[in-house]
Amino acid sequence: MTHTLRKYMLAAASVIALAGTSPAYAATELTVQRFFGACDADFGTNTDVSKAVGECGIITSLINKFNADNPDVHVTVTTVEWSGYDQLTAQFAAGDPPDIVTIHQSVLTDYQSKGLLMPLDDVLKSVGVAATDFTDASLNGVTKDGKIYGLPIDSWTMLYHINMDLFKKADLVNADGTPKLPTSVDELLAQAKQFKEKTGKPYFVQNLANEVALYTRNLYTYLFQQDSTFFADPKQVKINTPEAKKVLEMYKAIYDNGYTTKDLDYAAGINAFLAGEGGVHLNGTWVIGDYTASSEKSGTALNAGGYAVYPYPQLFPGKKAQYADGHSWAVSQKDRSEDETAAIGKFLKFFHDNDFDWSRTGHLPAVKAVLDSDQFKALPHRDTISAIATLGTPLPSTVQRQFAIQDIIGQEMSAAVTGQKEIDAALADMEQRINELLANI
């Protein structure tokens, strides 16, 4: 070997050795903040999304898979307690928000109206995601002032989760095996009475302890069904009305007659329903997967006679509707490099393309092609809940502080239902407190 050839070979070996000890490139870093709970013990390293279950398991596995499939991008995740908006607001105030964050579509306006969120039209277009890909409900939920401010990933609502074994014992089953659901307030109260007499258990399992959201969502649904335009002016509510009084009177009658559980928080409500302690659990789309899994396990209360799930029944002779919202990925408004913006586009495109896996939680998909697919329709109970795609009705998108309003309504409605306040007084205080809040935005 000549001296010159040996010199070149040693130099080449040095370059190879150096390359082996240093990365060829640094991955673009993104910070993602989300709710949906923590489940690292079960899914912290899982990248096989098909093996994941539940909101937490599926979103954790999806982000794991994104990192695995995109070595040029690295997503660091912070998980916050639901709903995380106090923390997010503080982060924006400190000038250090996450790059990408989970935001309910009902809350987007709070941040978008202050210029804190990045419009995503150009980013989505750059990765081949079109506005026409999304269902009308999900697209409307993220569109503000003619621009898209979030990648919608679902539409969700509250549902009647039904223990069919208890419904059979209560003689509340139709000839075709489906549950007999009420068509009016009087019929609901009559069926609840019959259910309690025949089973010895309450018709409803409700989480009423330390709870505001359930009260509020129930009220919205039955105001919509009475064609109430309580937020015709997004800056001034009219909720001290005969329509609202009818809803509060209905839930107070349910409470006073023992047709519902009373002292359960959210987790206890789930456990009570799984243990067969009531007929109908009022909960969201997100528990369908877990309840279906329980119904398929021998020896469980839901396995005994089956599990069914339906939209809320139409109790009033108005519009066929019920309250709905949706989850989205929003992007904070701040200076970024082209690589960082491109990495955000990749992340959003990944969740668009994997919307079916997210829909396994029970939420309705945001992507029309998934909603229309045989794969989605083959999932359990989707035939009975698919009507939510047309029934689902949000508050007007221009209404700000919807989570704060939810707290006020829930507090006042709870006081009325449990007898701490007269219904008329609760409705008057509810309206006054909301309008004071909106007047000070």
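Preceding this section is the structure that the text describes.
The rules behind the values
- Residues numbered from 1 in each chain as written.
- Predicted model: local features only at pLDDT ≥ 70, side-chain atom pairs only at ≥ 80, totals over all residues.
- Heavy atoms only, no water.
- 1 Å grid on protein atoms, 1.4 Å probe; cavity = no way out; pocket = protein on both sides within 12 Å on 5 of 7 lines; lining within 4 Å.
- Points joined across faces, edges and corners; volume = space filled by probe spheres on them.
- Helix = DSSP H or I, 4+ residues; strand = E, 2+ residues; numbered from the N terminus.
- Nonpolar A, V, L, I, M, F, W, Y, C, P; charged D, E, K, R; others polar.
- Domains from an automatic or database assignment.
- Pairing = 2+ DSSP bridges.
- Contact = heavy atoms within 4.5 Å.
- Axes fitted to C-alpha atoms, helices over the stretch in contact; angles between N-to-C directions.
- Parallel < 35°, antiparallel > 145°, perpendicular 65-115°, else oblique.
- Left-handed = near helix turned anticlockwise from the far one by under 90°.
- Phe/Tyr/Trp six-rings, centres within 6.5 Å; stacked < 30°, edge-to-face > 60°.
- Buried < 20%, exposed > 50% of the residue type's maximum accessible area, 1.4 Å probe, protein only.
- Polar contact = N/O pair within 3.5 Å; in protein donor to acceptor, adjacent residues only side chain to side chain.
- Arc of directions from axis to C-beta.

1. A few points about the layout of surface pockets
Its boundaries defined by the atoms lining it, the second largest pocket holds a volume of some 480 Å³. Ala-137, Ser-138, Ser-155, Gly-392 and Pro-394 are the residues nearest the centre of the second largest pocket, which is lined by 28 residues in total. Here the element with the most residues in the lining of the second largest pocket is helix H7 (residues 136–142); it accounts for five residues. The class makeup of the residues in the lining of the second largest pocket is 12 nonpolar, 13 polar and three charged. Residue contributions to the lining of the second largest pocket reach at least three from each of two domains, namely domain 1 (28–153 + 326–390) and domain 2 (157–324 + 400–439).

2. A word on the sheet that holds strand E12 (residues 327–331)
One open sheet accounts for five strands, arranged E2-E1-E3-E12-E6; its pairing is mixed. Only two strands of the sheet have a single partner each, and these edge strands are strand E2 (73–79) and strand E6 (151–152). Of the pairings in the sheet, the one linking E6 to E12 comprises two bridges and is antiparallel in character. When the sheet's bridge partners are listed, Leu-151 is paired in E12 with Trp-329. Each of strand E1 (28–34), E2 and E12 is contacted by helix H3 (residues 54–69), which is oriented at about 155° to E2, the strand it contacts most.

3. Things to note about the packing of helix H10 (residues 213–224) against helix H11 (residues 242–256)
Here H10 crosses H11 at 130°, and the two axes come no closer than 9 Å. The pairing of H10 with H11 is recorded here as oblique in orientation. Read as a crossing pair, H10 and H11 show a hand that is right-handed. The residues of H11 that touch H10, namely those facing Asn-218, Leu-219, Tyr-222 and Leu-223, are Glu-243, Ala-244, Val-247, Leu-248, Met-250 and Tyr-251. For the contact of H10 with H11, the class distribution of residues is eight nonpolar, one polar and one charged.

4. A short note on the packing of aromatic side chains
How two aromatic rings sit relative to each other is set out by the distance from centre to centre and by the angle between their planes. A complete count under the given rule lists 30 aromatic pairs for this structure. Ring centres of Trp-156 and Trp-286 lie 5.5 Å apart, and the angle between their planes is 75°; on these two criteria the pair is classed as edge-to-face. In this pair, Trp-156 sits in strand E7 (residues 154–163) while Trp-286 sits in the loop between strand E9 (280–284) and helix H13 (288–295), placing the two residues 130 residues apart along the sequence. The same class applies to Trp-156 as to Trp-286, namely buried. Here Tyr-160 and Phe-204 contribute two aromatic rings whose centre-to-centre distance is 5.8 Å and whose plane-to-plane angle is 90°, an arrangement assigned as edge-to-face.

5. As for empty space enclosed by the protein
Here the structure, examined in full by the defined rule, presents three cavities of 30 Å³ or more. In this structure, the largest cavity encloses a volume near 50 Å³. As for the largest cavity, its lining consists of Ser-106, Trp-156, Arg-217, Tyr-220, Tyr-323, Asp-325, Gln-402, Phe-403 and Gln-406. Put simply, the parts of the chain that give the lining of the largest cavity at least two residues each are H10, strand E11 (322–325) and helix H21 (402–417). Here the element with the most residues in the lining of the largest cavity is H21; it accounts for three residues. Tallied by class, the residues present in the lining of the largest cavity amount to four nonpolar, three polar and two charged. Estimated volume of the second largest cavity: approximately 40 Å³. Around the second largest cavity sit Gln-206, Leu-208, Tyr-215, Tyr-251, Ile-254, Tyr-255, Thr-260 and Val-417, which together line it. Here the lining of the second largest cavity takes three residues from H11, the largest share from any one element. Of the residues contributing to the lining of the second largest cavity, the split by class is six nonpolar, two polar and no charged.

6. Some details on the side chain of Asn-354
Along the chain, the position of Asn-354 falls in the loop between helix H15 (338–353) and helix H16 (355–359). Polar contacts involving the side chain of Asn-354 include one to the main-chain carbonyl oxygen of Phe-350, which spans 2.7 Å.

7. Quick notes on helix H12 (residues 266–274)
Turning to H12, its buried residues number three or more, namely Gly-269, Ile-270, Ala-272 and Phe-273. Buried positions in H12, seen along its axis, are confined to an arc of 165° and lie on one side of it. Where the residues of H12 are buried, they touch E7, strand E8 (204–205), E9, H13, helix H14 (301–305) and strand E10 (307–310). The opening residue of H12 is Asp-265, an N-cap whose side-chain oxygen sits 3.4 Å from the backbone nitrogen of Ala-267. Remark: Gly-276 follows H12 within two positions and exhibits a positive phi of approximately 80°.

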